[in-house]
Amino acid sequence: MSVVQSNPARGESCDVVVVGAGFAGMYMLYRLRGLGFSVRVYEQGSGVGGTWYWNRYPGARCDVESMQYSYSFSDELQQQWDWSERYASQPEILRYANHVADRFDLRPDMQFDTTVQSCTFDEKTNSWSVATSKGEIVAAKFLVLATGCLSNARKPDIRGLDGFKGAVYHTGNWPHEPVDFTGLRVGIIGTGSSGIQAVPVIAGQARHLTVFQRTPNYSIPARNAPLSAEDRAAFRKIYPEVRRFAREEAKNGIYTEVPDRGALDDGDNGRRARYEARWQHGGLTFMSVYNNLALDKAANDTAADFVRGKIAETVKDPACAKLLQPTTYPIGTKRICIDTDYFETFNRPNVTLVDIRSNPIEEVLPSAVRAGGKDYEIDALVLATGFDAMTGSVAKIDIRGRGGRSLNQKWAEGPKTYLGLMSAGFPNLFIITGPGSPSVLSNMMVSIEQHVDWIADCLGFMRDRSLQTIEPEADAEEKWVAHVNEVANATLYPQANSWYMGANIPGKPRIFMPYIGGVGAYRQICNEVAAKGYEGFAMTAAARAQETAATA
Ligand SMILES: Cc1cc2nc3c(=O)[nH]c(=O)nc-3n(C[C@H](O)[C@H](O)[C@H](O)COP(=O)(O)OP(=O)(O)OC[C@H]3O[C@@H](n4cnc5c(N)ncnc54)[C@H](O)[C@@H]3O)c2cc1C
């Protein structure tokens, strides 16, 4: 396999700086290098993989099936890589990321253990000046933020947390060495996706596990299982259609049947039979049994009731079951969880559920968590408290665009982008799976590949025409932001206090951040914009760019 390495020396200028070496940054490097651009990737971790490098907690695994939660850009890769389970575990996904880095020889253009701290656009040279934690300043014509939507772990602000005597772990920043909870009393705060994956595994190891729950979540059994060689071969045969469907037709980038009816079109028995079949099948496709679960509250209630019924059937203690049943938001409007024996775990004698909605955590003591006036003795504490999602990692970088304006200032009332790809006033700065694009509402691999390909094509287009800058026109951006809100408001999603809305971060503006129009429709919009010469984007040639700078 022949690969061109761009490999600019450290500290020198290059065509493109990419921030982040998760799946987005890795593929961005691969594509740009293929086009002959010089690229430098900065990654604050010591290796590739992003999410799968950081989230090493017990039970961590993907919830989109492995055969689909994988790159599609190389047919050889997808034909040759053997996923061992229906949903791969974190170590296996990290091995895959490392395999891709080696296979395509990506590491020479990556610099690890390096945080990008600030990026400033120089209007005279039309380039970005990128400053890193290693004291380097690199000039790059283009800047791509592949910083991840779920990469800024949120540590809750709880009194006394720093004075806790035992070990404190965050699921999103888990140690690299194995953590052994054997014989320990463990507390876990948070019952979102990560908490739901970790609880059964920690409960199997710890002497006692106390689960502190603020909001119960809807969770569907994963039905994880080993993949046989025959399973893989059968899937590989249909890969072209699977990938095409995921890109072009699916709303969420996942290959599944398209529902032909709404939930209220079936009678009670028929509906129950369909939900039961999906429940037995397991996984995220539960939500695509019907075509109106995200749109119609009465339809949604039927699915929510079904899941609440399953929780009541599974959990033996009725009071505990009631606490685990979500009632305050429609099913699917917070990220739906996929679990292995989560609800069953509450039947174990060594597990206690504490409702911190009605008995809030008051403080962490040196060897206990105090909630509702009661002390829960623990030896170790796990924070499964999620992320400052979608904007958190971007906000940590001091980004200055035209006129020295900071992106954080511009986004103070909520993120504003055109297509989730760029923000007006910040020329030549691209965001992969940024707010305003389908991103976290989809199989992220599909959305990552689509954005990377669009950006790579755009840079090629600009180079062919000697164009210097690209940025959204203010009007196009405003219209897109309005469209993103309009589409979201036509659904039930804004009814939940979810991280999609920024609701898990005190003080963060409540804006529905991802684009809910569906990956297929979104791709078509992006393609049309490009086909019309990047409609809605202002592009400048060298002389024009300098004029703009002079009058700015
Ligand atoms: C536990 C968990 C399970 C998930 N499961 C699924 C799933 O099943 N299906 C799915 O579609 N999605 C899933 N996701 C979402 C997942 O984040 C994406 O699928 C995907 O891995 C994102 O890749 P990325 O490269 O965009 O971002 P990331 O993987 O988050 O990588 C971003 C990288 O940028 C680096 N970075 C950030 N800021 C800086 C900086 N200033 N300087 C230097 N480096 C920086 C970070 O260290 C990180 O390594 C999951 C997320 C989590 C947390």
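Here goes a summary of the coordinates provided. (Residues numbered from 1 in each chain as written. Predicted model: local features only at pLDDT ≥ 70, side-chain atom pairs only at ≥ 80, totals over all residues. Heavy atoms only, no water.)

## Re the packing of aromatic side chains
Next up, step 1: Within the structure shown, the criterion is met by 44 aromatic pairs.
Next up, step 2: For the ring pair Tyr27 and Phe73, a centre distance of 4.6 Å and an interplane angle of 20 degrees mean the geometry is stacked. Of the two residues, Tyr27 is situated in helix α1 (residues 23-34) and Phe73 in the loop between α2 (51-54) and α3 (75-80); the sequence distance between them amounts to 46 residues.
Next up, step 3: Sitting over the ring of Tyr329, Lys334 keeps its end group 5.3 Å from the ring centre.
Next up, step 4: Over the face of the ring belonging to Phe37 we find Arg463, whose NZ or CZ atom lies 4.3 Å from the ring centre. (Phe/Tyr/Trp six-rings, centres within 6.5 Å; stacked < 30°, edge-to-face > 60°. Helix = DSSP H or I, 4+ residues; strand = E, 2+ residues; numbered from the N terminus. Lys NZ or Arg CZ within 6 Å of the ring centre and 35° of its normal.)

## Describing the nonpolar core
Next up, step 1: Residues Phe23, Met26, Phe181, Phe286, Phe346, Phe430 and Trp454 are the most contacted members of the largest nonpolar core, which totals 138 residues.
Next up, step 2: Leave out the neighbours within four places in its chain, and Phe286 touches Ile220, Tyr275, Arg278, Trp279, Leu293, Ala303, Phe306, Val307 and Ile331.
Next up, step 3: Listed in part, the 21 residues of the second largest apolar core include Val130, Val394, Ile397 and Phe426. (Core = buried A, V, L, I, M, F, W, Y, C linked by side-chain atoms within 4.5 Å. Buried < 20%, exposed > 50% of the residue type's maximum accessible area, 1.4 Å probe, protein only. Contact = heavy atoms within 4.5 Å.)

## So, the packing of α1 against helix α14 (residues 444-464)
Next up, step 1: Following both chains from N to C, one finds α1 and α14 inclined at 30 degrees, their axes separated by 9 Å at the closest point. Crossing hand, α1 versus α14: right-handed. Note on element contacts: α14 touches α1 through Met445, Ile448, Glu449, Val452, Asp453, Ile455, Ala456, Asp457 and Leu459, opposite Phe23, Ala24, Tyr27, Met28, Arg31 and Leu32.
Next up, step 2: Tallied by class, the residues present in the contact of α1 with α14 amount to 11 nonpolar, no polar and four charged. (Axes fitted to C-alpha atoms, helices over the stretch in contact; angles between N-to-C directions. Left-handed = near helix turned anticlockwise from the far one by under 90°. Nonpolar A, V, L, I, M, F, W, Y, C, P; charged D, E, K, R; others polar.)

## Here we look at the pattern of salt bridges
Next up, step 1: Summed over all chains, the structure comprises 35 salt bridges.
Next up, step 2: Of the charged contacts in the structure, one is a salt bridge between Glu313 and Arg272, with a shortest N-O distance of 3.8 Å. Of the two residues, Glu313 sits in helix α9 (residues 297-314) while Arg272 sits in helix α8 (residues 268-281), which places them 41 residues apart along the sequence.
Next up, step 3: We classify Glu313 as exposed; its relative accessible area is 56%.
Next up, step 4: Because the salt bridges share partners, they merge into one network encompassing Arg159, Glu363, Arg370 and Asp375. (Salt bridge = Lys/Arg side-chain N within 4 Å of Asp/Glu carboxyl O.)

## Observations concerning the site of the ligand
Next up, step 1: Near the ligand lie 34 residues; those nearest to it are Glu43, Thr51, Asp63, Tyr69 and Met444.
Next up, step 2: Within the backbone of Phe23, an N or O atom sits 3.1 Å from an oxygen atom of the ligand.
Next up, step 3: Taken by itself the ligand offers 980 Å² of open surface, and the protein chains cover 97% of this.
Next up, step 4: Sorting the residues of the shell around the ligand by element identifies α1, α2 and α14 as the ones contributing at least two each.
Next up, step 5: Here the shell around the ligand takes three residues from α2, the largest share from any one element.
Next up, step 6: By residue class, the composition of the shell around the ligand is 17 nonpolar, 14 polar and three charged. (Near = heavy atom within 4 Å. Polar contact = N/O pair within 3.5 Å; in protein donor to acceptor, adjacent residues only side chain to side chain. Areas by Shrake-Rupley, 256 points an atom, 1.4 Å probe, with all protein chains shown as cover.)

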